[in-house]
Amino acid sequence: MQKQEFTITVYTENQIGLLNRIAILFSKRKINIDSLNTSPSEVDSVHRFTIVINETEEVVRKLCRQIEKQVEVLKAYYNTNEEIIWQELALYKVPTEIIAEEVKVERLLSQYGAKAVVIRKDYTVFEVSGQRDETDAFIKVLEPYGLIEFVRSARVAIIKASDGFHKKLKEFEYREPSEEVIENEYLDKNEEVFTM
Amino acid sequence: METLTIKEEQKQTEAKATKSISGSVAVLDALLNENVKTIFGYPGGAIMPIYDALYDYNDRLEHILVRHEQGAIHAAQGFARASGKTGVVFATSGPGATNLVTGLADAMIDSTPIVCITGQVFAHLLGTDAFQETDVINITTPVTKWNHQVTDASEIPAALAKAFYIASSGRPGPVLIDITKNAQLQLFEYEGYKKCEHIRSYRPKPIVRKEYIEEAAKLINAAERPFVIFGQGVILGKAEKEFKAFIEKAGIPSAWTIMGMSAIPTDHPLGVGMLGMHGNYGPNLLTNECDVLIAVGMRFDDRVTGRLDKYAKQAKIIHFDIDPAEIDKNVKTTVPVWGDCKETLPMLTALVESKVYPQWLQKFHDCMEKEKALCIQPEMNPEGDILTMGEVIKTLNELTQGNAIIVTDVGQHQMVACRYAQMNQTKSNITSGGLGTMGYALPAAIGAAYGDPSRTTVAIIGDGGFQMTLQELGTIMQFKPNVKILILNNQFLGMVRQWQQLFHEKRYSFVDITSPDFVQVAKGYYIDGQRISERSELKGALKTMLDHEGSYLLEVMVGKENNVFPMVPQGRGVAEIVLSKEEI
Ligand SMILES: Cc1ncc(C[n+]2csc(CCOP(=O)(O)OP(=O)(O)O)c2C)c(N)n1
Ligand SMILES: [Mg+2]
C-alpha cells in the first residue's frame with residue numbers, strides 16, 4: 001500500500017487534555033502530523049479536529065480506531081483528498097512601498113484570489129485561502145518584492161459525503177444505542193472483509 | 001412506567017435535602033457507593049485531607065499502607081485479578097503519583113480495572129512548579145484508559161462515578177483522578193452519589209451483529225482442523241462457562257495465552273496448553289496447520305504470534321473481541337466478531353454443530369509426547385542432584401491440587417510456573433503478561449490475598465525480581481495478609497542469562513546478581529521461612545509453607561544455568577519452535 005495524504009476528522013467532547021491524548025497516538029507511532037486544526041463543529045457542544053497525515057490507508061485505519069477508542073472521542077473519519085473539500089488560509093506581509101511601486105496590485109489580487117487585509121504605510125498584509133499549491137504560488141510571486149512574513153493555517157475540510165453530526169449525536173445520546181450508531185465498519189465493507 | 005416516574009420524583013425530592021460535605025468525604029462516600037472495601041495507598045502532603053477523612057471511615061473502609069506506591073498499584077492489580085472487581089489506590093502528588101506509572105502501564109496493557117486517586121497541589125499553584133507538583137495528567141495519559149483532574153469539590157462525585165464506570169466496563173483499564181488539595185478541603189452542597197451508566201462519547205460494548213456470528217459458525221462447521229486460542233477476555237468478560245460450553249459442543253482443541261490461563265481448568269480434555277514464546281510445542285506448531293483459527297478475547301501479542309508473516313497464513317481467522325481497535329490490528333481476520341464474549345459465545349454455540357476431531361486432537365497429543373520426552377521429563381525428573389524449577393512446581397501441584405492462586409513475577413520462573421502449574425478454577429493465574437514487570441509478584445500477591453481471602457495465594461518469584469519490591473514484606477508484617485512466598489533462586493537474572501547464552505555467545509553481562517539471605521530478611525520482618533536445596537526436603541518444606549498460619553517465605557535453590565524450553569526464538573515463526581538449544 002502506498003502512502004498518501006489523508007484527512008482525519010474527529011468529533012469529540014470539549015475536554016482539556018484531549019488534544020494531548022490524541023496527539024500522542026501519532027507520536028507513539030512516529031507519525032508526523034502535517035497539519036492539525038481544532039474548531040467548533042456544526043453541533044454546539046461538539047469539537048472537531050482536522051488532522052492531516054501522509055500514510056498508508058492501513059495505518060490510517062488503525063489510527064482512527066485508536067482515536068475512536070479514547071473515551072471522549074465520539075467518532076473519527078478518514079478521507080482521501082478526493083473525498084473532501086479542503087482549504088488553508090495564508091497571510092503574507094510585504095513592504096507597502098515596493099508593492100505600490102512595482103506591482104500592479106489589482107491584477108495580482110484577482111489573479112491569485114488574494115485580498116489585502118491591512119494596508120499601512122509601512123507594510124501590507126495579503127490573504128489567500130486555497131489549497132497548498134495556490135498559497136505556495138503566491139509566495140513565489142511576492143518573494144522578489146521582499147516577503148517579510150508568511151504564515152499558513154492548518155487545513156480545514158468538509159467531507160463531501162457527510163450529512164453532518166446532528167443526527168449522529170442524537171443517536172449517541174440514547175442510552176440504548178440504535179444499530180446505526182454502532183456503525184459496524186466491517187459490515188459496510190462486506191466484500192473486502194469476507195475472503196472465504 | 002408510571003411507578004418509575006413516581007420513584008424518580010421521590011428520589012429527586014430526597015436528593016434536594018442536600019448537606020454540606022468536604023470533597024474528601026465525597027471521595028470516601030463515592031468509594032462506599034461503588035462497594036469498595038479495600039484501598040491500597042500511601043499518604044503525603046497533597047492527599048492529607050482525604051487521609052484525614054479516612055480516619056473516621058476505618059470501620060467501613062480497609063486501607064492497606066504499602067511501602068512504596070508501586071506496591072500499592074500492583075497490589076490493586078492483584079486484588080482486581082483475583083476478585084474481578086476494581087482495585088483502588090491512593091497516592092500523594094509528585095513522587096507519590098510518579099511511582100504509580102509502572103503499575104498504570106502494566107494495568108493498561110493487561111486491561112486491569114484500577115481507579116487511582118492522587119492528591120495534587122492547590123489549584124492556584126498549578127503550573128508554578130510548587131512543592132511536589134508534577135503534571136500527573138500528562139505523564140499518565142498514555143498509560144491510562146482515562147484520566148481527569150478535579151479542581152472543585154462539586155465535581156468529585158461525578159468524576160469518580162465516571163472513573164469507576166470507565167475502569168470496569170468494556171475493555172477494562174486503569175483510570176486516574178487527580179484532585180487538588182483545595183477541592184479535597186472545600187465544602188459543597190452534596191446531592192448524593194449517582195452511579196454513572198452512560199457517557200455519550202463512550203461505547204463500552206456494541207450491539208452484536210448476528211450476521212458475523214452466522215459467518216463464524218459457517219466457517220467452524222465446515223472446518224476440518226479448527227483451533228481455538230483464548231486470552232484474558234474470557235476471564236474479564238466473566239464468560240468462562242459460556243466459553244467452556246462452546247468448545248465442548250464444538251469439540252475444538254483450545255490453547256490459552258498466558259493471560260487467558262485458568263479460564264478453563266488446565267487439565268480440561270480439550271485444553272492443549274499454552275501459546276507463546278515458551279508455551280507448549282503443539283499449540284505453536286499446529287497454529288500453522290489448522291484450517292480455522294478462532295481467537296477469543298486475545299490480542300495477538302508478538303510473544304504469541306512470533307513472526308507475523310509466518311503466522312497462520314493457511315487459516316481462516318475468526319476474531320472475537322470487545323475492543324474494535326484490536327480487530328485486524330496485528331492479524332487480518334476473515335470474520336471479525338466485535339462484542340462482549342459473554343453475549344457472542346452463546347450465540348455461536350447455538351449455531352455450531354456438535355462435533356469431535358479425534359485425529360486432529362491426537363496431533364496435539366503427539367506433539368505433547370515429543371515435548372514431554374525432550375523438555376518436560378528433564379525438568380520434572382532431573383538426573384542430577386540439583387533441583388529444577390519444574391519439579392518445585394510439580395510438587396506444589398501435588399500439595400495444592402491446583403486450587404491455589406499462583407502469582408508470578410517475570411523471568412524463567414514465570415514461564416516455568418505457567419507451563420507447569422495446575423489450575424482448577426478461574427482467576428488462578430496472576431502475572432504481568434503484557435509489560436513483563438519484574439517486582440510485580442510480591443505486591444500483586446498481597447492484593448490477591450485481599451481479593452480472594454478464601455484461597456491460598458502463592459507468589460512465585462525469582463531472586464532478581466524479589467529484590468525489586470521486597471520492601472512490601474513490611475506491608476505483610478503490618479497487615480498480615482496470608483501470602484506464601486516461594487523464591488526460585490537460580491542466582492542469576494535467569495531469563496536474560498538464557499538469552500545471553502543462546503544468542504550472545506554466553507557473554508554473561510551483568511546477570512550474575514547476588515542476593516541477601518532472604519530468609520534472614522524475612523525474619524527481620526517477623527515473617528517465618530527457610531531455605532532448602534535438597535530434593536529430599538522439597539515436599540516437606542512446601543507443605544510447611546502451605547500449612548503455616550500466615551505468610552511464609554520459602555527459598556528454593558535451583559539449577560543456575562537451566563533453560564526454559566520449548567522456545568520460539570525472537571523473529572521466527574511459531575512453527576519454528578525449538579525444543580532444545582541444539583536446534584537454535
Ligand atoms: C522492571 C524490569 N526490569 C528488567 C526486566 C528485564 N528482565 C526480564 S526477566 C529478567 C531476569 C529476572 O531474573 P529473576 O527475577 O531472578 O528471575 P529468573 O529469570 O532468574 O527466574 C530481567 C532482568 C524486566 N522484565 N522488568
Ligand atoms: Mg533468578
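Along each chain, the written sequence defines residue order, and numbers are assigned to residues from 1. Chains carry letters and ligands carry numbers; both start at the beginning, A for chains and 1 for ligands, and go up in the order they are written. Restriction of local features to residues with pLDDT of at least 70 applies here, the model being predicted, together with a cutoff of 80 or more for giving and counting side-chain atom pairs; totals for whole chains, interfaces and linings are based on all residues. Side-chain numbers here rest on the full set of heavy atoms in the structure, without hydrogens or water.

Visitor: What exactly am I supposed to notice about the overall build of chain B here?
Guide: Within chain B, the regular secondary structure consists of 24 helices and 20 strands. In this description the radius of gyration comes from C-alpha coordinates, and the expected globular size is given by 2.2 Å times residues to the power 0.38. Compactness check: chain B gives a C-alpha radius of gyration of 25 Å against a globular reference of 25 Å for 584 residues, within 12% of the reference. Counting only C-alpha atoms and orienting by the principal axes, one finds that chain B spans roughly 70 × 60 × 45 Å. The burial tally for chain B puts 61% of its 584 residues in the buried class. Taking as baseline every contact in chain B between residues at least 6 positions apart, the subset at least 24 positions apart corresponds to 77%. In these tables, accessible area is a Shrake-Rupley quantity obtained with a 1.4 Å probe, and a residue counts as shielded only by the protein chains included in the view. Just so you have it, chain B exposes about 22,400 Å², and 52% of that area is on carbon and sulfur atoms. Counted as positive: Lys and Arg. Counted as negative: Asp and Glu, with His and the chain ends omitted from the count. Taken as the charge location is NZ of Lys, CZ of Arg, CG of Asp or CD of Glu. For chain B, the distance from the average position of its 56 positive side-chain charges to the average position of its 67 negative side-chain charges is 4 Å. To qualify as a helix, a DSSP run of H or I must reach at least 4 residues; to qualify as a strand, a run of E must reach at least 2; elements of each kind are numbered from the N terminus. Each residue is placed in one exposure class: buried if its accessible area under a 1.4 Å probe, protein chains only, is under 20% of its type's maximum, exposed if it is over 50%, and partly exposed if it falls in between. Residue contacts are defined here by distance: any two heavy atoms, one from each residue, within 4.5 Å place the two residues in contact.

Visitor: Is there a simple way to think about the site of ligand 1 in this case?
Guide: All names here are of chain B. Not every one of the 18 residues close to ligand 1 is listed here, only the nearest: Gln412, Gly436, Gly465, Asn490 and Gly494. In protein, a polar contact requires one atom able to donate a hydrogen and another able to accept it; more generally it is a pair of N or O atoms within 3.5 Å, and residues adjacent in sequence count only if both atoms are side-chain atoms. Note that an oxygen atom of ligand 1 is positioned 2.8 Å from one of the backbone N or O atoms of Gln412. Between ligand 1 and Asp463 there is a distance of 2.8 Å, counted from an oxygen atom to a side-chain nitrogen or oxygen. Relative to its free-state accessible area of 590 Å², ligand 1 is covered by the protein chains to the extent of 77%. Put simply, the parts of the chain that give the shell around ligand 1 at least two residues each are helix H18 (412-420), helix H20 (463-466) and helix H22 (494-503). In the scheme used here, Gly and all other residues not listed as nonpolar or charged are polar, with Ala, Val, Leu, Ile, Met, Phe, Trp, Tyr, Cys and Pro taken as nonpolar and Asp, Glu, Lys and Arg as charged. Class assignment of the residues belonging to the shell around ligand 1 gives a composition of eight nonpolar, nine polar and one charged. Throughout this document, a residue counts as near a molecule or strand when at least one of its heavy atoms sits within 4 Å of that molecule or strand.

Visitor: Help me out: how do you make sense of the UniProt feature "domain: Thiamine pyrophosphate enzyme N-terminal TPP-binding" (unreviewed entry) in chain B in this one?
Guide: UniProt positions are given in the numbering used here, feature names are shortened, and annotations may be inferred rather than shown by experiment. When the UniProt feature table is mapped to this numbering, "domain: Thiamine pyrophosphate enzyme N-terminal TPP-binding" (unreviewed entry) covers residues 23-137 of chain B. What you have in residues 23-137 of chain B is 42% helix and 17% strand, and the ends, taken at the C-alpha atoms, are 19 Å apart.

Visitor: Help me understand the confidence of the model for chain B, please; the structure alone is not making it clear to me.
Guide: Low pLDDT marks regions whose predicted coordinates should not be analysed in detail. With 97% of its residues at a pLDDT of at least 70, chain B reaches an overall mean of 96. Two summary scores accompany this predicted model of the complex, namely pTM at 0.94 and ipTM at 0.91. Scored between 0 and 100, pLDDT is the confidence that the predictor attaches to each residue.

Visitor: Which parts of the structure should I look at to understand the pairing of strand E5 (residues 114-120) of chain B?
Guide: Regular strands place side chains that alternate from one sheet face to the opposite one. Residue and element names in this part refer to chain B. Most of E5 sits inside the fold, with seven of its seven residues counted as buried. Alternating positions in E5 separate into two faces, Ile114, Cys116, Thr118 and Gln120 on one and Val115, Ile117 and Gly119 on the other, with burial throughout. What makes two strands pair is DSSP finding at least two bridges between them. Relative to E5, strand E4 (residues 87-91) runs parallel, the two sharing five bridges. Looking at the pairing, Phe90 lines up with Ile117 of E5. Here E5 runs beside strand E7 (residues 174-180); their pairing, made up of seven bridges, is parallel. Its bridge partner being in E7, Gln120 is matched across the sheet by Thr180.

Visitor: I keep staring at helix H10 (residues 210-222) of chain B and nothing clicks. Help me out?
Guide: At 3.6 residues per turn, the α-helix brings residues three or four places apart onto the same side. Given the number of residues in a helix, its expected span is that number minus one, multiplied by 1.5 Å. Taking 1.5 Å of rise per residue, 13 residues should cover 18 Å, and H10 of chain B covers 18 Å from first to last C-alpha, within 8% of that figure. Restricting attention to buried positions, one finds in H10 of chain B the residues Tyr212, Ile213, Glu215, Ala216, Ala217, Leu219, Ile220 and Asn221 of chain B.

Visitor: Hey, could you run me through the pattern of salt bridges in this one?
Guide: Pairs can form between side chains of opposite charge whenever their charged atoms are close. For this document, the term salt bridge refers to a Lys or Arg side-chain nitrogen within 4 Å of an Asp or Glu carboxyl oxygen. According to the stated counting rule, one finds 40 salt bridges over all chains in the structure shown. A salt bridge links Asp59 of chain B to Arg60 of chain B; the shortest N-O distance between them is 3.3 Å. On the basis of relative accessibility, which here comes to 41%, the residue Arg60 of chain B falls in the partly exposed class. Between Arg531 of chain B and Glu555 of chain B there is a salt bridge, with its nearest N and O atoms 3.1 Å apart. Note that Arg531 of chain B is positioned in strand E19 (residues 528-532) and Glu555 of chain B in strand E20 (residues 552-557), a separation of 24 residues in sequence. For Glu555 of chain B, a relative accessible area of 2% gives the class buried. Taken together, the shared-partner salt bridges connect Lys69 of chain A together with Arg171, Asp323, Glu326 and Lys329 of chain B into one network.

Visitor: How should the side chain of Asp321 of chain B be read in this particular structure?
Guide: All names here are of chain B. Here Asp321 is to be found in strand E13 (residues 316-321). At 5.4 Å, Arg171 is the nearest oppositely charged side chain to Asp321, a buried residue that forms no salt bridge. Separated by 2.9 Å, the side chain of Asp321 and the backbone nitrogen of Asp323 make a polar contact. With residues near it in sequence (within four places) discarded, Asp321 still touches Gly297, Met298, Glu326, Ile327, Val337, Trp338 and Gly339.

Visitor: Teacher, can you tell me more about the sheet that holds strand E12 (residues 292-296) of chain B here?
Guide: The strands making up a sheet associate through backbone hydrogen bonding, with each pair oriented either parallel or antiparallel. All names here are of chain B. Spatial strand order, E11-E10-E9-E12-E13-E14: six strands in an open sheet with parallel pairing. Since the sheet does not close on itself, it has two edges, and those belong to strand E11 (271-274) and strand E14 (335-338), each with one partner. Between one strand and the next, the sheet's axes are offset by a mean angle of 15°, whatever the strand orientation. With three bridges connecting them, strand E9 (residues 226-230) and strand E10 (residues 254-256) associate as parallel partners. Residue pairing across strands places Val228 opposite Ser254, the latter belonging to E10. Lying on the sheet, H10 is in contact with E12, E13 and E14; it crosses E14 at an angle near 135°. A fitted line through C-alpha atoms serves as each axis, taken over the contacting stretch for helices, and the angle formed by two N-to-C directions is quoted from 0 to 180°.

Visitor: I would appreciate a short explanation of the sheet that holds strand E3 (residues 46-55) of chain A in the present structure.
Guide: All names here are of chain A. Taken in spatial order, the four strands line up as E2-E3-E1-E4 in an open sheet, and their pairing is antiparallel. Only two strands of the sheet have a single neighbouring strand rather than two, namely strand E2 (35-40) and strand E4 (73-80). Between one strand and the next, the sheet's axes are offset by a mean angle of 15°, whatever the strand orientation. For E2 and E3, the ladder comprises six bridges, and the chain directions are antiparallel.

Visitor: What is the right way to look at the coordination of the magnesium ion (ligand 2) in this model?
Guide: Working reference: metal with six octahedral donors, ideal angles 90 or 180 degrees; metal with four tetrahedral donors, ideal angle 109.5 degrees. Residue and element names in this part refer to chain B. The coordination sphere of the magnesium ion (ligand 2), as far as protein atoms go, consists of Asp463 (OD), Asn490 (OD1) and Phe492 (O), spread over 2.0 to 2.2 Å. Along the chain, the residues that donate to the magnesium ion (ligand 2) are spaced as D-x26-N-x1-F. Taken together, the residues span a long stretch of sequence, with Asp463 in helix H20 and Phe492 in the loop between strand E18 (483-489) and H22 at a distance of 29 residues. Residue class for Asp463 comes out buried when judged on its relative accessible area of 1%. Note on donors: an N, O or S atom is included if it sits within 2.8 Å of the metal, or within 3.2 Å for Na, K and Ca, and water is never included, so sites can look incomplete.

Visitor: How do you make sense of the domain arrangement of chain B when you look at a structure like this?
Guide: It is common to give the size of an interface as the accessible area that goes away when the parts come together. Residue and element names in this part refer to chain B. Either an automatic procedure or a domain database provided the assignment from which the domain bounds are taken. The assigned domain composition of chain B is domain 1 (6-190), domain 2 (210-363) and domain 3 (389-561). Counting from both sides, the interface comprises eight residues of domain 1 and, opposite them, eight residues of domain 2. Summed over both sides, the interface of domain 1 with domain 2 buries roughly 690 Å², with 52% coming from carbon and sulfur. It is Arg81, Asp110 and Arg171 in domain 1 that bury the most area against domain 2; as a group they hold 59% of the surface buried on that side. For the pair domain 1 and domain 2, the interface holds two salt bridges. If you look at where domain 1 meets domain 2, you find four residue pairs in polar contact (both at pLDDT 80 or more). Counted by class, the side of domain 1 that touches domain 2 contains two nonpolar, three polar and three charged residues. Using a 1.4 Å probe, buried area is obtained as the accessible area two parts lose upon being combined, added over both of them.

Visitor: Help me understand the packing of aromatic side chains, please; the structure alone is not making it clear to me.
Guide: The description of an aromatic ring pair uses the distance of the two centres, along with the angle that the planes make with each other. Residues and elements named next belong to chain B. When two rings of Phe, Tyr or Trp (its six-membered ring) have centres within 6.5 Å they constitute a pair, described as stacked for plane angles under 30 degrees, edge-to-face for angles over 60, and tilted for the intermediate range. One pass over the structure, following the stated rule, counts 21 aromatic pairs over all chains. Centre to centre, the rings of Phe492 and Tyr508 are 5.5 Å apart; their planes meet at 70°, and the pair counts as edge-to-face. Placement of the pair is Phe492 in the loop between E18 and H22 and Tyr508 in the loop between H22 and helix H23 (518-524), with a sequence separation of 16 residues. Judged by relative accessible area, Phe492 falls into the buried class, the value being 8%.

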